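# Structural overview for review
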Amino acid sequence: MTQTLTIRRPDDWHLHLRDGEVLKAVLPETARHFGRGIIMPNLVPPVVTHEDAQAYHGRIMEALPEGMSFDPLMVLYLTEDTEPEDVARAHASGLVKAVKLYPAGATTNSASGVQDFTKVAAIFEKMAEIGLPLCVHGEVTDNEVDIFDREAVFIDRVLDPIRRAHPELRVVMEHITTKNGVDYARSGGDNLGATITTHHLIINRNHILVGGIKPHYYCLPVAKREEHRLALREAATSGDATFFVGTDSAPHTDPNKESACGCAGCFTATNTMSCLAEVFEEENALDKLEGFASLNGPAFYGLPANEATITLTKGDPVSYPAKIDTTDGPITVFDPGFPLHWSVEV
Ligand code: DOR
Ligand code: ZN
């Protein structure tokens, strides 16, 4: 008997689309299955102002192939010079759905991020007042802190103090990778949500390092021990509305990944829904997939769920391209390391 599952069209609550030729190449990979995406602003230069977001939105819509529909939800990159009035205008226009906090130096193109969190308190106040969510890259940048501990330390040192100072601020813990992140998100009440990536449900740190270094599994926050991956799987498949998918699909061309100093990012846009169906089936939680992929995110952001649906069908292994070609070079698609039996129809 054929097994099928029809769910509301999913959204991606954390997505890197880049710009130019890479944008053109990767956008259809997401738009094929997803209705909306929270678009990360870490371009060079970053998307800081309302005007930057309007221009970037225009370039994304221009890159969308005829006949495809996709709604990019724009995000402003928080700097110490961001102006509360610009943020308020961007929100009031309906274009901007979140502001992104990158601790300066934490990850790709985060040099313009925040060093002194007290300098952005007025922005947080304004955001709390107007109900605009803050998306947080939750890692400290302190060189004294081991890279595998940076998320847990960030929660204690940075995130919890911000949330205590601004209890009305709506916060999304982006791409959580630890049990500490899961526990903190769960305890945070209605103003706190958390995204979980596809790849952090599938790989742990051994996948990156055992049997040779695997640059295509290197991302930030870096994948942790197995016990953390299991905590993420439990959270994602639990039905708890705190958790929703944010793929953090982050394209870099192969020469930039396969290098002596390779870029961080897993490119999962192409096969995410098939990967998630496999994970949720393994956890006997296929009935929770729609909540995680299509309902919990819109509910957190105060948006309606998509009206359209997608249908997942189980059968012979589905093949996806190993790489997406761009004029800047090939981009390797995430390899989950197991066959994908669930195909997606829109
Ligand atoms: O792995 C990552 N890649 N993590 C990030 O935080 C940034 C992203 C990127 O922009 O490539
Ligand atoms: Zn990201």
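Residue positions are counted from 1 within each chain, in the order its sequence is given. Chain letters and ligand numbers both follow the written order, the letters beginning at A and the numbers at 1. Given that this is a predicted model, residues contribute local features only at a pLDDT of at least 70 and side-chain atom pairs are listed and counted only at 80 or more, while totals for whole chains, interfaces and linings are drawn from all residues. By convention in this description, side-chain values take in all heavy atoms of the structure and omit both hydrogens and water.

### Digging into the UniProt feature "binding site: Zn(2+) 1" (unreviewed entry) in the chain
Note the following rule: UniProt positions are given in the numbering used here, feature names are shortened, and annotations may be inferred rather than shown by experiment. Only DSSP runs of H or I covering at least 4 residues are called helices, and only runs of E covering at least 2 are called strands; the numbering of each starts at the N terminus. We call a residue buried when its accessible area falls under 20% of the maximum for its residue type, exposed when it is over 50%, and partly exposed in between, using a 1.4 Å probe and counting protein chains only. Pairs of residues are marked as contacts when any of their non-hydrogen atoms sit within 4.5 Å. Think of a polar contact as two N or O atoms within 3.5 Å of one another; within protein, one of them needs to be a possible hydrogen donor and the other a possible acceptor, and neighboring residues in sequence only count if both atoms come from side chains.
UniProt's feature table lists "binding site: Zn(2+) 1" (unreviewed entry) at His14, His16, Lys100 and Asp248, given in the numbering used throughout. Considering the C-alpha atoms alone, the annotated residues occupy 235 residues of sequence yet fold into one spot, their largest mutual distance being 13.3 Å. With respect to the helices, strands and loops of the structure, His14 is situated in strand β2 (residues 12–15). Residue classification places His14 among the buried positions, given a relative accessible area of 0%. Ignoring anything within four residues of it in the chain, the contact list for His14 reads Ile38, Met40, Lys100, Glu174, His175, Gly246, Thr247, Asp248 and Ser249. Inspection of the secondary structure puts His16 in the loop between β2 and α1 (20–31). We classify His16 as buried; its relative accessible area is 8%. If sequence neighbours within four positions are ignored, His16 has contacts with Met40, Asn42, Tyr102, Asp248, Ser249, Ala250 and Pro251. Reaching out from His16, the side chain makes a polar contact with the side chain of His14 at a distance of 3.3 Å.

### Examining the site of ligand 1
Convention followed: Being near a molecule or strand, for a residue, means having at least one of its heavy atoms within 4 Å of it. Residue-level accessible areas treat just the shown protein chains as cover; the underlying method is Shrake-Rupley with a 1.4 Å probe. All amino acids are sorted into three groups, where Ala, Val, Leu, Ile, Met, Phe, Trp, Tyr, Cys and Pro are nonpolar, Asp, Glu, Lys and Arg are charged, and the leftover types, Gly among them, are polar.
Near ligand 1 lie 13 residues; those nearest to it are Arg18, Asn42, Leu220, His252 and Ala264. Take Gly265: an N or O atom from its main chain is 3.3 Å from an oxygen atom of ligand 1. Out of a free accessible area of 290 Å², ligand 1 has 99% covered by protein chains. Taken together, the residues that form the shell around ligand 1 break down as 4 nonpolar, 7 polar and 2 charged.

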